[in-house]
Amino acid sequence: MLLIDLPLRFILALIAFTFRGWIGWSGIVLVLLKVIGVIHWQWWVAALPLEYGVIYCLYMTIDGALYRAGLKNVGGYARFTTDPQEYAEQTGRAIDQSKIQEIISDGPERIGATIDACCEDPNRRHFAQALLDAALEPYFLLQLAMFANKKVNAHVTIKKWRDAGLKLPAEGTPEFFPYGD
C-alpha cells in the first residue's frame, strides 16, 4: 500500500459516507436549512453530522492502513459484521501465501522484523511460523534473527521467538547457520 493512496481512500470514503448514508444526508439537509435561513443554529451545530463523517472516515482510513501494514488486528466491529470464513481470511488464520512471498521478496530485514512483530501478538503467531518456514529456504535462522532487532543479540531474538512458541531449527543444523566450523 502506498502512502499516496491514503488521501484518495479518505476522499472516496468521505464521499460514500456523505452521499450514501442517512447521517451524511441529514448533514446536507441541515446545512441547506441553515443557508436558506430556516434554522438559526450555529454553523458547527448544523454541520455536526458532516463533521462526524470527516472524523469517522479519517479514523477508518488510518485503521485500515494499520491493518494492511500488519500493525493491528481486525477490530471488533469487523469481527461482528463478517461471516466466519471471511473473518478467518482477514485474521490470517487462512495463511495468505502471496503475502508471505511478498515479505520474503523484500529480504531478510523485513522477514525478521515481521516475524518479531508477529511473535508479540498471539493471534499472529501462526502467520509468523508459516513465514519462518517459508523463509528458511533462501535464508537461515541466525540471519533472520540478526535483522529482526538490530539492538539486541540474535540469540536473544531467537530465544524470544522460541518462548513465543515458534518451532525453530536446532542449533548446529544448516537451517540455523549453514557455515559451520
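One can find the structure itself at the top, above this paragraph.
Please read these numbers as outputs of a predicted model, since none were measured by experiment.

Draft legend 1. Region of interest: the pattern of salt bridges. All told, the structure shown has six salt bridges when counted by the stated rule. Close ionic contact of Arg110 with Asp106 constitutes a salt bridge, the shortest N to O distance being 2.4 Å. Asp106 sits in the partly exposed class, given a relative accessible area of 46%. Note that Lys150 is salt-bridged to Glu109, the shortest N-O span being 3.2 Å. Highlighted residues: Lys150 in the loop between α10 (141–148) and α11 (154–163) and Glu109 in helix α8 (residues 108–119), separated in sequence by 41 residues. Linked through salt bridges whose partners overlap, the residues forming this network are Glu102, Asp106 and Arg110.

Draft legend 2. Up close: the nonpolar core. In terms of nonpolar packing, the biggest core is built from 28 residues, with Ile111, Ile115 and Trp161 touching the most fellow members. When residues of this core are traced back to their parent elements, those giving at least two are α7 (97–105), α8, α9 (125–135), α10 and α11. In this structure Ile111 touches Ile103, Ile104, Leu131, Ala135, Tyr139 and Leu144, once residues within four positions along its chain are discounted.

Draft legend 3. Layout of the state of the cysteines. Under the criterion given, the structure shown has zero disulfides. Looking at Cys119, it has no disulfide partner, and the nearest cysteine sulfur is the one in Cys118, 7.3 Å off.

Draft legend 4. Spotlight on the environment of Ala13. Take Ala13: it is sitting in helix α1 (residues 5–20). Sequence spacing of Ala13 and Tyr56 is 43 residues, and the spatial spacing of their C-alpha atoms is 9.4 Å.

Draft legend 5. Layout of the packing of aromatic side chains. Evaluation of the coordinates by the stated rule reveals seven aromatic pairs. Look at Phe17 and Tyr52: their rings are 5.9 Å apart centre to centre, the planes differ by 55°, and that puts the pair in the tilted class. Taken together, the residues Phe17 in helix α1 and Tyr52 in helix α4 (residues 48–68) connect sequence positions 35 residues apart. Measuring from centroid to centroid gives 5.6 Å for Phe177 and Tyr179, while their planes differ by 80°, and the two rings are edge-to-face. Note on Phe177: relative accessible area 34%, which makes it partly exposed. Within the aromatic cluster, the residues linked to one another by ring pairs are Phe17, Tyr52 and Tyr56.

Reading guide: rules and limits
Residues numbered from 1 in each chain as written. Predicted model: local features only at pLDDT ≥ 70, side-chain atom pairs only at ≥ 80, totals over all residues. Heavy atoms only, no water. Salt bridge = Lys/Arg side-chain N within 4 Å of Asp/Glu carboxyl O. Buried < 20%, exposed > 50% of the residue type's maximum accessible area, 1.4 Å probe, protein only. Helix = DSSP H or I, 4+ residues; strand = E, 2+ residues; numbered from the N terminus. Core = buried A, V, L, I, M, F, W, Y, C linked by side-chain atoms within 4.5 Å. Contact = heavy atoms within 4.5 Å. Disulfide = S-S within 2.5 Å. Phe/Tyr/Trp six-rings, centres within 6.5 Å; stacked < 30°, edge-to-face > 60°.

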